[in-house]
Amino acid sequence: MSISKTYQPKEAEDKWYKYWLDNGFFRSVPDEREPYTIVIPPPNVTGVLHMGHMLNNTIQDVLIRRARMQGKNACWVPGTDHASIATEAKVVAMLKERGISKKDLTRPEFLSYAWEWKEKYGGIILEQLKKLGASCDWDRTRFTMDDDLSDAVIETFIHLYNKGLIYRGVRMVNWDPAGKTAVSDEEVIRKEVNQKLYYIQYKVVGGDSHLTIATTRPETIMADAAICINPNDERYTHLHGKSVTIPLIGREIPVILDEYVTMDFGTGCLKVTPAHDLNDYELGQKHNLPVIDILNDDGTLNENAQILIGEDRFIARKKIATLLETAGSLEKVEDYKSQIGFSERTDAAIEPKLSMQWFCKMEEMAKPALDYVLEGDIKLIPDKFINTYRHWMENVKDWCISRQLWWGQQIPAWYLPNGQFVIAKTAGEALPLAIEKTQNPALTTQDLRQDEDVLDTWFSSWLWPISVFDGFKDPNNADINYYYPTNDLVTAPEILFFWVARMIMAGHEFRGQVPFKNVYLTGIVRDKLGRKMSKSLGNSPDPLGLIEKYGADGVRVGMLLSSPAGNDLMFDEKYCEQGAGFANKIWNAFKLIKGWEVDDSLSNPNGIAIEWFGNRFSEALKGIEDDFANYRLSDALMGTYKLVWDDFCAWYLEMIKPVYLQPIDRTTYTQTIKFFEDVLKILHPFMPFLTEELWNDELFGQRAESDKCIVAQMPQSGQMNTQLTSELEVVKQIIADIRNTRNSKQLSPKESLDLMIKANSGIDFNKYQPIICKLGNIGELTLVSDTVEGASSFLVGTDEFYIPLGETIDVAAEIERLTKEIGYQQGFLKSVMGKLGNERFVQNAKPEVVANEQKKKDDAEAKIKSLTENLNRLAN
RNA sequence: GGGAGCUUAGCUCAGCUGGUUCAGAGCAUCUGCCUUACAAGCAGAGGGUCACUGGUUCGAACCCAGUAGCUCCCA
């Protein structure tokens, strides 16, 4: 193959992804190996790849590829969820473009359009993940509305209903008047909004006086059920037991007393509107107030309002202000800021609304789900999220699981003519239950009407780790028994509660087991200014564009470079650039090795270099393994980065590199190729494409068809000679000091120098002579037993080094340098002596700490001694 | 209003059980080099009152209390 000057990712990426796919490298079937399983957090089927997915899936792919190379049976299950609200919104929009209105369609007609949409546009995101290199077992791709998964949802509903954990009830829900559905608290986005506070006068019945309330929602006065004041509020004692009339409509409502009212907010008089405010609802329940709902599902006023019927709530607000003013009931209007909820999907202002919904009781299921986490059966990474998790689980609220939509699993509740209902999977199964319940044998399936609503999408996805392995249809099948519980889940903290926690509940309820052992929580990908990436800000780069520009490997490295678990990632394209630069560095190391000719007649001059790198590799690998074990992925990557760039390229290759166009000996060549192979292996989880491309080069000889980097056996750290690696750190320092000496004396690196070493530490420098000479460009290296006069000198540890520079030595500068160094060492010695002179330190500190201080003292004294000697000689 | 978390170099972050010359890394910056693998590079250098104030301790970036600022969650 011809070697290009820089690495060209595009070709390698397409080629190798196809190869892996076609040859079943991502495929997993149960066998005797240890399983390692990840289920993907199913992206929204309407979704397109964004930076959050890039981060999340890069992490999953790194974990799964590493496990695969560790010899585990790695299975990454991909799929999508049906995202009822988002998808239905897209389908409605599509129909609108075709001039079709949803309300003119029957449910089956609408659903066939929805499936058409899903088949055509759904799951684009999965194709995009392939560009990133995601090694999912695509044969296992699932969708939360697949027949089997839907069956599981329905059966789960029936099971929980029969257990008494699902009930129907009137509740205040977050109503989205644009989507005409209830949405969960989590789907409501709170924003600070500029509003107006209207001060409205209500006439007190039986007198001329009035009271004034302050409200941001004057259009709801027609729904008022009472005025509430604090019983301790002395301004209003005269109102106790009185009634007032609502302006414009003249309805009479009581004045009630409750300490709930804050005296210093507004006027201290609170209008109580149970149908349209959660707090008012609770207050209304407490005081037995009637509930008067004046709003239609679409946010317009209904007959109960008596006036402005049919007007939208916001228009009604403006109009009623005018009406009140005309009637003389509007005292004043003030500007006011407050938090308002908006629908995540439609951006409509959320309307608190009473409606009949289905609920799932949480308290009973939350308990074991909390215990799994508290007892460590499930680890949250980072563990700071345990507190949040506990707080939520201890204050859990029942889960509203119904949605007023068609796209999703229809609730298996069947209503009877008399208003009762039964729960069953089909009308056929519902009928006998209905007959039994009503004692009316004349009933037919024609008399049954299924609930119109569908279940919350999370009611599907909480089953995901079980349902993707058919654990409901066939609870004892080979897959579920083998792959479940899964190992790691990688997701965002935002959905810790309504997805992760509920999966844990489902895992316990339906399998008696945790669904996964570790939950890795990623942060939010923000722009470099710290803003959340969003379409409206336009601050998100196009992920596929990034891959095009920097290569998938470069982007993967970029994503991981600065994203510790649980921390937000301040994304900057520079990270991808760094990743691409790293890929290029590896490419060039390859080019160097590839260019060597072997001469079998040469002996190996690189014994120490080879021995050193072998040990250094093991040492660095130990750290990397430790980082992985603790899910410190960016640290593991940085450890790998430095091992490859610094140790392998900058030091090892420089040590052994033959002079230009000179051949290399066989041993060094073979060893270096082996090292490079190991380097490719540890890089593979981070940079799968480049490593596979190089792995298959003829440099490594003929490989078997199955011998691919993706399944190569990950090296493991073993025994290592730490004396060698730490001595080499000294050698590196010597070389750096030689280079520094050259630098400060303005000498060319090409000019060879001599080096004399007065070894005091016991290091055998003869051993390192070839390395020092080669990298420091030293002509002659000699070991001496006395200090050398007229030479530039430096200290590494306690060893002394001299470079004779003849006439060129600048005595004054050298004296200054030595004096400064002595000063520093004396200061250091003083601080050490301070500790050692402190009796309480010597008594209380651990013996090894004290011994260490003693050693520091000895070293400092030795250094000062030799520095002083040098100084004295120069001064003479 | 309640709860959780954060604050270390210009930027993004490590710093694990308080103890090694512990104040670190990467990037950025500055200086010098086109030395035939790589200028997407090489060789060096500078840069910090560890938010602030107290306390505990022989010893604090680390433990405790308070203050300030920021973020998130719940209301």
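Numbers given for residues are sequential positions, taken from 1 along each chain in its written order. Written order decides the labels, with chains lettered from A and ligands numbered from 1. Local features in this predicted model are restricted to residues of pLDDT 70 or higher, and side-chain atom pairs are both shown and tallied only at a pLDDT of 80 or more, whereas totals for entire chains, interfaces and linings draw on every residue. Excluded from the side-chain calculation are hydrogens and water; included are all heavy atoms of the structure.

What about the overall build of chain A?
Going by this rule: Only runs of H or I of at least four residues qualify as helices and only runs of E of at least two qualify as strands under DSSP, and these elements are numbered from the N terminus. When a residue's accessible area, from a 1.4 Å probe over protein chains only, is under 20% of the maximum for its type it is buried; when over 50% it is exposed; and in between it is partly exposed. Should any heavy atoms of two residues lie within 4.5 Å, those residues are counted as being in contact. Surface exposure here means Shrake-Rupley accessible area, sampled with a 1.4 Å probe, where a residue is shielded only by the protein chains that are shown. Here Asp and Glu are counted as negative and Lys and Arg as positive; His is not counted, and neither are the chain ends. The location of each charge is read from NZ of Lys, CZ of Arg, CG of Asp or CD of Glu.
Looking only at helices and strands, chain A features 26 helices and 29 strands. Its C-alpha atoms put chain A at 115 × 70 × 55 Å along the principal axes. Across the 876 residues of chain A, 53% fall into the buried class. Relative to all contacts within chain A whose residues are 6 or more apart in sequence, the contacts with residues 24 or more apart total 77%. When the accessible surface of chain A is split by element, carbon and sulfur atoms take 49% of a total near 39,700 Å². Looking at charge distribution, chain A has the averaged site of its 99 positive side-chain charges lying 2 Å from that of its 126 negative ones.

Quick notes on the packing of helix H17 (residues 573-594) against helix H19 (residues 633-656)
In helix packing, the relevant descriptors are the interaxial angle and the interaxial distance, both defined with respect to the helix axes. As a reminder, the rule being used: Helix axes are fitted to C-alpha atoms over the stretch in contact, other axes to C-alpha atoms as well, and angles between N-to-C directions run from 0 to 180 degrees. A crossing counts as left-handed when the near helix is turned anticlockwise from the far one by less than a right angle, and as right-handed when that turn is clockwise. Polar here means any residue outside two lists: the nonpolar Ala, Val, Leu, Ile, Met, Phe, Trp, Tyr, Cys and Pro, and the charged Asp, Glu, Lys and Arg; Gly therefore counts as polar.
Look at H17 against H19: their axes get within 11 Å of each other, and the N-to-C directions meet at 35°. Crossing of H17 over H19 shows left-handed handedness. When H17 is examined against H19, the residues Gln578, Gly581, Phe582, Lys585, Ile586, Ala589, Leu592 and Ile593 are found in contact with a partner set consisting of Thr640, Tyr641, Val644, Trp645, Phe648, Cys649 and Leu653. Here the residues of the contact of H17 with H19 sort into 11 nonpolar, three polar and one charged.

Structural notes on the sheet that holds strand E16 (residues 399-400)
Going by this rule: Pairing between strands is defined by DSSP: at least two bridges between them are needed.
Taken in spatial order, the four strands of this open sheet run E6-E5-E14-E16, and their pairing is antiparallel. The strands lining the two open edges of the sheet, one partner per strand, are strand E6 (181-183) and E16. With two bridges joining them, strand E14 (residues 351-360) and E16 adopt antiparallel strand pairing. Looking at E16, one finds that Cys360 is bridged to Trp399.

Here's the deal with the protein's contact with RNA strand B
Rule in force here: When we say a residue is near a molecule or strand, we mean one of its heavy atoms is within 4 Å of it. Under this definition, polar contacts are N or O atom pairs within 3.5 Å; protein pairs additionally need one hydrogen-donor-capable and one acceptor-capable atom, and for neighbouring residues in sequence, both atoms have to be side-chain atoms.
Taken together, 43 residues sit near RNA strand B, with Lys397, Ser562, Gln578, Phe841 and Lys856 positioned nearest. Within 4 Å of the protein, atoms of RNA strand B come from sugar and phosphate in 62% of cases. Separating a base oxygen of RNA strand B from a side-chain N or O atom of Tyr660 is a distance of 3.0 Å. One nitrogen or oxygen atom from the side chain of Asn740 is found 3.0 Å from a sugar or linking oxygen belonging to RNA strand B.

Brief notes about the confidence of the model for chain A
Heads up, the rule is: Within a predicted model, pLDDT stands for the predictor's per-residue confidence, ranging from 0 to 100.
Scored by pLDDT, chain A has a mean of 89; 98% of the residues are at 70 or more. As scored by the predictor, the complex reaches a pTM of 0.88 and an ipTM of 0.94.

Considerations on unusual backbone geometry
Residue Ile381 is joined to Pro382 through a cis peptide bond whose omega torsion reads 0°. Take Pro382: it is sitting in the loop between strand E15 (379-381) and helix H10 (385-394). A cis amide bond links Tyr484 to the next residue, Pro485, at an omega of 0°. Notably, Asn288 is not glycine yet its phi reads approximately 55°, a positive angle. Mapped onto the elements, Asn288 comes out in the loop between helix H7 (278-286) and helix H8 (313-326). When its relative accessible area of 70% is taken as the criterion, Asn288 is described as exposed. Look at Gln439: it is not a glycine, yet its phi comes out positive at around 55°. If you trace the backbone, Gln439 turns up in the loop between helix H11 (427-438) and strand E20 (449-450). Residue classification places Gln439 among the exposed positions, given a relative accessible area of 63%.

Observations regarding a nonpolar patch on the surface
Filter applied, for reference: Only residues whose relative accessible area exceeds 30% and that take part in no salt bridge are eligible for patches, with like-charged residues grouped when within 9 Å of each other and nonpolar side chains (Val, Leu, Ile, Met, Phe, Trp, Tyr) grouped when within 5 Å. Here, a salt bridge means any side-chain nitrogen of Lys or Arg that lies within 4 Å of a carboxyl oxygen of Asp or Glu.
Together, Val48, Tyr121 and Ile124 make up a nonpolar patch on the protein surface, roughly 240 Å² of accessible area in all. Within the element layout of this structure, Ile124 appears in helix H5 (residues 124-132).

Looking at helix H4 (residues 107-121)
For clarity, the cut-off: Expected span, for any helix, means 1.5 Å times one less than how many residues it has. To obtain the arc, one takes the directions from the helix axis to the C-beta atoms.
Here H4 is 15 residues long and its end C-alpha atoms lie 21 Å apart, about the 21 Å a rise of 1.5 Å per residue gives. Buried residues of H4: Arg107, Phe110, Ala114, Trp117 and Lys118, and no others. Down the axis of H4, the buried side of the element spans an arc of 100°, and every buried residue falls inside it. Those residues of H4 that are exposed and angled more than 90 degrees off the buried face are Pro108, Glu119 and Lys120. Buried residues belonging to H4 abut helix H3 (84-97), strand E4 (142-143) and strand E21 (454-455). Among the residues trailing H4, Gly123 stands out with phi positive, at a value near 80°.

As for the packing of aromatic side chains
Going by this rule: Here is the rule: rings of Phe, Tyr and Trp (six-membered ring for Trp) pair when centre to centre is within 6.5 Å. Planes less than 30 degrees apart are stacked, more than 60 are edge-to-face, and the remainder are tilted. We call a charge positioned over a ring when the NZ of a Lys or the CZ of an Arg lies within 6 Å of the ring centre and within 35 degrees of the ring normal.
This model, assessed by the stated rule, comprises 46 aromatic pairs. Over the aromatic face of Phe110 sits the side chain of Lys102, whose NZ or CZ is 5.4 Å from the ring centroid. The cationic tip of Lys332 hangs over the ring face of Tyr199; the distance from NZ or CZ to the ring centre is 4.4 Å.

What to know about the sheet that holds E20
Pairing in this open sheet of three strands is antiparallel, and the strands run E19-E18-E20 from one edge to the other. Unpaired on one side and paired on the other, strand E19 (421-423) and E20 mark the two borders of the sheet. Relative to E20, strand E18 (residues 413-415) runs antiparallel, the two sharing two bridges. Note that in E20 the partner of Tyr415 across the bridge is Arg449. Along the sheet, H11 contacts E18 and E19; its crossing angle with E19, the most-contacted strand, is approximately 130°.

Structural notes on the packing of H3 against H4
The test is simple: When an angle is under 35 degrees it counts as roughly parallel; over 145 it counts as roughly antiparallel; between 65 and 115 it counts as roughly perpendicular; any other value is oblique.
Viewed as axis vectors pointing N to C, H3 and H4 meet at an angle of 100°, and their least axial separation amounts to 10 Å. Between H3 and H4, the angle falls in the class roughly perpendicular. Contact residues: H3 offers Thr87, Glu88, Lys90, Val91, Val92, Met94 and Leu95, while H4 offers Phe110, Tyr113, Ala114 and Trp117. Residues belonging to the contact of H3 with H4 are distributed by class as follows: eight nonpolar, one polar and two charged.

Structural notes on H17
The end-to-end C-alpha distance of H17 is 31 Å, a good match for the 32 Å that 22 residues give at a rise of 1.5 Å each. For H17, the complete set of buried residues consists of Cys576, Gly579, Phe582, Ala583, Ile586, Trp587, Ala589, Phe590, Ile593 and Lys594. Buried residues in H17, looked at end-on, bunch into an arc of 155°, giving them a common side. Where the residues of H17 are buried, they touch helix H16 (543-561), H19, helix H20 (666-683) and helix H21 (688-695).

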